[in-house]
Amino acid sequence: MSEIRDEELALLHEAADLLGRTMDPDVIYDTLRTMTARVMDCASLLVSIHTPEDDLLRCVYAWVDGQAVDISQFPPIPLAKEGVGVQSRVI
C-alpha cells in the first residue's frame, strides 16, 4: 500500500512540476492525458468548458481511441439541468 501511495505522490509531484512550466492549454491537456494513462486505461479524453453567458459546453480538447481529434467536430451543446443525464453526473 505504501509503495502505491509513493508512486501516486511522485506522479502528482511530476505533474505539478510539468504543469507549472506552461500556460499552454494544449500542453496541459496532453500532459494530463499522458500522466493519466500511466495509472489507468486512458484511450480517450475529452475536455470541455462551460460558458455561462450562453450556458453551452464547448469541447476544447479531444483524444479519442488513442488519437487527437479535431475539436471542430464537436458542436457546442446546452448544459443539461442538474441531476439529468450523464453530463450532469460527470460535472
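What counts and what doesn't
Residues numbered from 1 in each chain as written. Predicted model: local features only at pLDDT ≥ 70, side-chain atom pairs only at ≥ 80, totals over all residues. Heavy atoms only, no water. Helix = DSSP H or I, 4+ residues; strand = E, 2+ residues; numbered from the N terminus. Buried < 20%, exposed > 50% of the residue type's maximum accessible area, 1.4 Å probe, protein only. Contact = heavy atoms within 4.5 Å. Areas by Shrake-Rupley, 256 points an atom, 1.4 Å probe, with all protein chains shown as cover. Lys, Arg positive; Asp, Glu negative; His and termini not counted. Charge placed at Lys NZ, Arg CZ, Asp CG, Glu CD.

## A few points about the overall build of the chain
Here is step 1 of the chain: Looking only at helices and strands, the chain features three helices and four strands.
Here is step 2 of the chain: Helices and strands appear in the chain in the N-to-C order α-α-β-β-β-β-α.
Here is step 3 of the chain: When its C-alpha atoms are laid out on the principal axes, the chain stretches across 45 × 30 × 25 Å.
Here is step 4 of the chain: The burial tally for the chain puts 19% of its 91 residues in the buried class.
Here is step 5 of the chain: Look at the contacts in the chain between residues 6 or more apart in sequence, and 18% of them connect residues 24 or more apart.
Here is step 6 of the chain: In the form shown here, the chain has an accessible surface area of approximately 7000 Å², with 59% of it arising from carbon and sulfur atoms.
Here is step 7 of the chain: Each charge class in the chain was averaged separately, 7 positive and 16 negative side chains, and the resulting centres sit 4 Å apart.

## Re the side chain of Arg33
Here is step 1 of the chain: In this fold, Arg33 is placed in helix α2 (residues 25-39).
Here is step 2 of the chain: Taking relative accessible area as the criterion, Arg33 reaches 14% and is therefore assigned buried.
Here is step 3 of the chain: What Arg33 contacts, discounting residues up to four positions off in sequence, is Cys42, Leu45, Tyr61 and Trp63.

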